[in-house]
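# Observations on the three-dimensional arrangement
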Amino acid sequence: MKIDFDKSNGLVPVIIQDEKTLEVLMLGYMNEAAYQKTSSENKVTFFSRTKNRLWTKGEESGNFLHVISIKEDCDNDTLLIKVKPEGPTCHTGSRSCFNTEYNQNFIFELENIIHDRYTNPVEGSYINKLRGKGINKIAQKVGEEGVETVIAALNETEHDFVNEVSDLVFHLFVLMKEKNVNLDTIAKNLAARHSAKVDS
């Protein structure tokens, strides 16, 4: 990369984005030393303008930002870093420094929660109870929720329909986990199918 650190007195703004949800988590600044440290350690390090030193996000809290990719903009004076956050990003305990009113990306977080229940079973967890009944029961639940969603769409209130769709999505995610298929795979498949239709 040919990053232009000279344009703004040795610093470039850095946008931090969740690689999974694409949510913007925070904005910081890097000098060349911070960029080199970030690149070599794969943990985001900023230049703190208040402390006047390099500062690795998470060095005190443990909430590190693990680097997935780094891109510069067309003028080579701003960086976009996609990260896998370890815990909340903001010092207030929020996942993002921009304090969005609700978790706009809970659909992705739900996938992570299900994955965590598989990796770290919790006693009494519905996900673990369902998993214990095997794939046949999980698939059956998806079918049942699908039928209930159709019934709600045709005969019940919007509130009922939203609840049934939520049940369907939840159980579908559990089935996807059971089959080791994630949202990224589905998204890529949908994108490829869309491109094929557009090109045909």
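In this text, all values refer to a predicted model and were calculated from it rather than measured experimentally.

What follows covers a nonpolar patch on the surface. On the surface, Ile-15, Val-24, Leu-27 and Phe-98 cluster together into a nonpolar patch covering about 340 Å² of accessible area. Tracing the sequence through the fold places Ile-15 in strand β1 (residues 12-18). For Ile-15, a relative accessible area of 31% corresponds to the partly exposed category.

Let's shift gears to the domain arrangement of the protein. Partitioning the protein into structural domains gives domain 1 (6-85) and domain 2 (106-196). Each of domain 1 and domain 2 has a C-alpha centre, and these two points are 35 Å apart.

Counted according to the given criterion, the structure contains 3 aromatic pairs. Geometrically, the ring pair formed by Phe-5 and Tyr-35 is tilted, given 6.4 Å between the ring centres and 50° between the ring planes. With Phe-5 in the segment before β1 and Tyr-35 in helix α1 (residues 32-41), this residue pair connects regions lying 30 residues apart in the sequence. On the accessibility criterion, Tyr-35 (13% relative accessible area) is buried. It is Lys-43 that lies over the ring of Phe-64; its NZ or CZ is 4.0 Å from the centre.

Further remarks concern the pairing of strand β6 (residues 79-85). Judged from the 5 bridges that link them, β1 and β6 form a sheet pairing that is parallel. When the bridges of β6 are listed, Ile-15 appears paired with Leu-80. When strand β5 (residues 65-72) meets β6, the two strands line up antiparallel, connected through 7 bridges. Bridge assignment links Ile-70 to a residue of β6, and that residue is Ile-81.

The rules behind each value
Residues numbered from 1 in each chain as written. Predicted model: local features only at pLDDT ≥ 70, side-chain atom pairs only at ≥ 80, totals over all residues. Heavy atoms only, no water. Patch = residues over 30% accessible without salt bridge, like charges linked within 9 Å, V, L, I, M, F, W, Y side chains within 5 Å. Areas by Shrake-Rupley, 256 points an atom, 1.4 Å probe, with all protein chains shown as cover. Salt bridge = Lys/Arg side-chain N within 4 Å of Asp/Glu carboxyl O. Helix = DSSP H or I, 4+ residues; strand = E, 2+ residues; numbered from the N terminus. Buried < 20%, exposed > 50% of the residue type's maximum accessible area, 1.4 Å probe, protein only. Domains from an automatic or database assignment. Phe/Tyr/Trp six-rings, centres within 6.5 Å; stacked < 30°, edge-to-face > 60°. Lys NZ or Arg CZ within 6 Å of the ring centre and 35° of its normal. Pairing = 2+ DSSP bridges.

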